[in-house]
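A look at the structure
So you can see what is in the structure, the chains are spelled out below.
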Amino acid sequence: MAEIVLKSCTLRKWQPGDEGSLVLHANNYHVWKNLRDFFPHPYTHQDALDWINFCKDEEPVQNFAIVVNGQAAGGAGIALHTDVDRKTATTGYWLGQAHWGKGIATEVLRAMCHYSFQMFDLARLNADVFHTNIASGKVLEKAGFGREGYRKKACFKDGEFKDLVLYGLLKENFLDSGG
């Protein structure tokens with residue numbers, strides 16, 4: 001089982017027993033408003049069970065729990081692309097509001113980039129954020145991602161249109177920077 005021990009947290013596979021802390025941190029409007037709609041709100045115990053069940057057979061792991069002080073306090077993962085994009089994956093992450101502003105997300109994202117480039121035959125990672133999520137854009141930039149584009153009214157979330165800021169990271173740039 002993949003486990004990545006970092007200074008501020010540990011990345012590990014989602015497991016039975018994470019349901020309570022997952023609901024505690026995921027059932028938060030301020031977390032949800034920055035994520036795609038497949039992340040439910042309100043976030044229920046059944047949602048947690050479904051997510052853990054979805055992740056249970058991943059090998060290699062693509063979705064990690066971010067464990068802070070023994071609790072699953074967030075998640076990070078990659079979605080592998082297919083067809084002509086098969087050397088690309090999209091990465092994403094979320095963290096419970098109680099842990100914001102502590103550098104955890106940046107550390108997690110750097111570790112996810114390292115893991116992704118080692119475990120999968122990838123040339124690049126993509127990430128995108130709503131234009132209102134300035135903190136996440138800063139996390140991406142600190143981890144080495146470059147801003148590559150801006151799509152106006154690309155998403156509809158919480159009753160309003162959102163612009164989408166596109167980021168990318170090439171494997172060689174990440175490795176050259178000491179990734």
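This one's a predicted model, so the numbers in the text were calculated from it and none came from an experiment.

**Here's the deal with the nonpolar core**
Counting 36 residues, the largest nonpolar core has Leu11, Ile66, Val108, Leu109, Leu125, Leu140 and Phe145 as its most contacted members. Looking at this core, the elements with two or more residues in it are strand S3 (63-68), strand S4 (71-80), strand S5 (88-95), helix H4 (104-119), strand S6 (124-130), helix H5 (134-142) and strand S8 (160-170). With nine residues, the top contributor of residues to this core is H4. Core analysis: the second largest hydrophobic core is formed by 16 residues, Val23, Ala26, Trp32 and Trp94 among them.

**Considerations on the environment of glycine 179**
Residue position: glycine 179 is located in the segment after helix H6 (171-176). Look at glycine 179 and you get partly exposed, because its relative accessible area is 38%. A C-alpha to C-alpha distance of 6.5 Å links glycine 179 and histidine 114, two positions 65 residues apart in sequence. Not counting the four nearest positions on each side in its chain, glycine 179 is found in contact with His114 and Phe174.

**Some words on the packing of aromatic side chains**
A complete count under the given rule lists eight aromatic pairs for this structure. Taking the centre distance of 5.4 Å and the plane angle of 25° together, the rings of tryptophan 51 and phenylalanine 54 count as stacked. In this pair, tryptophan 51 and phenylalanine 54 both sit in helix H3 (residues 45-55), three residues apart, roughly one turn of the helix. For phenylalanine 54, a relative accessible area of 54% corresponds to the exposed category. Aromatic pair phenylalanine 64 and tyrosine 115: ring centres 4.9 Å apart, planes at 90°, arrangement edge-to-face. Here tyrosine 115 lies in helix H4 and phenylalanine 64 lies in strand S3, a separation of 51 residues in the sequence. Judged by relative accessible area, which is 0%, phenylalanine 64 ranks as buried. Among the aromatic residues, those joined into a cluster by ring pairs are Phe39, Tyr43 and Trp94. A cation over a ring is seen here: lysine 153 above phenylalanine 161, with NZ or CZ 5.3 Å from the ring centre.

Rules of the game
Each chain has its residues counted from 1, running along the sequence as written. Given that the model is predicted, a residue must reach a pLDDT of at least 70 before its local features are reported, and side-chain atom pairs must reach 80 or more before they are shown or counted; all residues, however, enter totals for whole chains, interfaces and linings. To get the side-chain values, take all heavy atoms of the structure and skip hydrogens and water. Buried Ala, Val, Leu, Ile, Met, Phe, Trp, Tyr and Cys residues form a nonpolar core when they are joined through side-chain atoms within 4.5 Å. When a residue's accessible area, from a 1.4 Å probe over protein chains only, is under 20% of the maximum for its type it is buried; when over 50% it is exposed; and in between it is partly exposed. The helix and strand labels rest on DSSP assignments: H or I over at least four residues marks a helix, E over at least two residues marks a strand, and numbering proceeds from the N terminus. Should any heavy atoms of two residues lie within 4.5 Å, those residues are considered in contact. Two rings from Phe, Tyr or Trp (for Trp, the six-membered ring) form a pair when their centres sit within 6.5 Å of each other. Planes less than 30 degrees apart are called stacked, planes more than 60 degrees apart edge-to-face, and all others tilted. A positively charged side chain is recorded as over a ring if its NZ (Lys) or CZ (Arg) lies within 6 Å of the ring centre. The angle to the ring normal must also be within 35 degrees.

By themselves, these figures tell us nothing about what the structure is for.
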